[in-house]
Every structure is written in C-alpha cells, then in structure tokens.
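Working through the structure, step by step
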Amino acid sequence: MGSSFNFKQFSLRNEIAGLKVGTDGVLLGALADIGRMSVSQEIPEGSTGRRPRILDIGTGTGVIALMLAQRCPEAELVGIDIDSASPAEENFRNSPWPDRLHFVNKSLADYMDGDPDLFDAIVSNPPYYDSSLLCPDADRSAARHTGSLSYREVITFANDFLSGGGTVSLILPKSEEQRCTRFAASFGLYPYRIWSIKTTPLKSPSRIVADFSRIKERPEHKELTIQDGDSYTAEYKELTKEFYLNF
C-alpha cells in the first residue's frame, strides 16, 4: 500500500522518494516570489502569447512545482530530477493541472546540453549537508548532499537560462546566506527579498528563502516563525492555509 500526502487541491505519492514532503519544500512553494517574474519574450501582434515558464530544479516529489501550479494558474512548469524513481511524473499526471506540469528525468548538466527555452522563474530546494556527513541511505544522500546538486549549479544554470525579467528563489541554511549571495552576485543576480525562518520564537533563524533578480537593489528582510509551543503560528497558518488540509 503506497503512502500519500494530501493537500487541499492535490495529493502526492510520497513513499519512494529519497525525501518525503517536508517543511522546507512547503516554505519555498509558498514564499517563492513568482509575482515579480515577467515574460521577456516578445509576443507577436495578435498572438495569445505564451505562458510564463517556471523550473523546479531537483523536484523530488514535485511538491514545490505543484504548489506553484496552484498559485500561478497561467504558468507552465517543468520539474527536473536526476532520480528515475522520483514520483513527480506520476504526481504531476494525477494533479488537477497535468497539461501544465512536465517532468524531466535528467541531471541539470544534461538538461543544459539540450539548450532549453528560457524560464521566467527558477526555484530549488538544493542539497546542503556537507559531503563528510553522508548518511548510509543512498537515495537520501543523493537528494540532500552537495555532491549531487548545489546552489552554485542552480545559479550557474540561471545565468544562461533565466529570462531578463526572471527570478530565482532558493531555500538554504542561514549559514549559507553570505556565500550564496556573493556567488550569485558574481553572475549578476542579486537578492531583493530574504526571509529568515525560525522554527520557534526563541531560536535563531535556521533557514532563509531568498529571491534573486538581475536588478541590484537593497534587499527587503522579513522573518517568519513556524511554531510557538505546540502550535503553529498564525503567520505560518496564514501562509499555508491554501495548501494544508488542517489550516
């Protein structure tokens, strides 16, 4: 009997992924700034135009892509993952939006070699544990360690395949903030909004969700706390109420 994770508008087959649906993916799916992305491709006069294109790198179960499909009903979404066991393709097919969701089973390097069309938003929940801490579960290790995919690869890809008015959104450990923003700046990508994520009010931020664009400006800094005692905070419930069944 397969396990599933149910949201208000879609469900996910979840049991064969290296990682299950987690808070990091949900945070990125809810906070990624897709409202700022713009379709830079010229539209011929009289044409109905094209859909905005969003790429989810390392899609896993597909939860981030599915949340963005719900948030952005006019967008076409591509989820890419190197793991052939990823349930994303099935989850996309069984969702309310199968015509707008596409799964690609390739490494990011192989996908780049195919010279894909530009994307108006790129999102990723990349691996972040140091390779010296590799766990014995090969699938989990491949999903979460920088030997498989890193934010550097995501930003390098975005340098070539992000539209002029496009955005990049990443969730990372707070400790990686300065390294990531410096690396992105070397490619002409600059943070314009950074969420610091706290698990509880008394703890220091453990994660950031950062949005980047090609425009250099002073970034807006915001903070979100997930839990207070045994309950989720009102702000987290408000953020995720269109997705979680119990909110």
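Now for a description of the structure that goes with this document. (Residues numbered from 1 in each chain as written. Predicted model: local features only at pLDDT ≥ 70, side-chain atom pairs only at ≥ 80, totals over all residues. Heavy atoms only, no water.)

Let us look at the pattern of salt bridges. Evaluated as defined, the whole model comprises 8 salt bridges. A salt bridge links Asp-211 to Arg-193, with the shortest nitrogen-to-oxygen separation between them at 2.9 Å. Within this pair, whereas Asp-211 is found in strand β9 (residues 207–213), its partner Arg-193 is found in strand β8 (residues 190–198), the two being separated by 18 residues in sequence. For Asp-211, a relative accessible area of 0% gives the class buried. The salt bridge partner of Glu-238 is Lys-241, with a shortest N-O separation of 3.0 Å. What makes Glu-238 partly exposed here is its relative accessible area of 49%. By relative accessible area, Lys-241 is classed as partly exposed at 30%. (Salt bridge = Lys/Arg side-chain N within 4 Å of Asp/Glu carboxyl O. Helix = DSSP H or I, 4+ residues; strand = E, 2+ residues; numbered from the N terminus. Buried < 20%, exposed > 50% of the residue type's maximum accessible area, 1.4 Å probe, protein only.)

Take the packing of helix α6 (residues 151–161) against helix α7 (residues 177–185) next. How two helices sit against one another is set out by the angle between their axes and by the gap between those axes. Taken N-terminus to C-terminus, the directions of α6 and α7 make an angle of 25°; their axes are 10 Å apart at the nearest point. Taken together, the axes of α6 and α7 lie roughly parallel to each other. Once α6 is placed against α7, the crossing between them reads as right-handed. Facing α6, whose interface residues are Tyr-151, Arg-152, Ile-155 and Thr-156, α7 presents Arg-179, Cys-180, Phe-183 and Ala-184. (Axes fitted to C-alpha atoms, helices over the stretch in contact; angles between N-to-C directions. Parallel < 35°, antiparallel > 145°, perpendicular 65-115°, else oblique. Left-handed = near helix turned anticlockwise from the far one by under 90°. Contact = heavy atoms within 4.5 Å.)

Counting across every chain of the model gives 13 aromatic pairs. With a centroid separation of 6.3 Å and 50° between ring planes, the pair formed by Tyr-236 and Tyr-244 is classed as tilted. As far as the burial class goes, Tyr-236 and Tyr-244 line up, both buried. The exposure class of Tyr-244 is buried, given its relative accessible area of 14%. Here the aromatic residues Phe-5, Phe-7, Phe-10, Trp-97, Tyr-232, Tyr-236, Tyr-244 and Phe-247 are joined through ring pairs into a cluster of three or more. Sitting above the plane of the Phe-119 ring, Arg-53 keeps its charged end 4.2 Å from the centroid. Here the basic side chain of Arg-152 rests over the ring of Phe-183, its NZ or CZ set 5.9 Å away from the ring centre. (Phe/Tyr/Trp six-rings, centres within 6.5 Å; stacked < 30°, edge-to-face > 60°. Lys NZ or Arg CZ within 6 Å of the ring centre and 35° of its normal.)

Read these as geometric descriptors, not functional statements.
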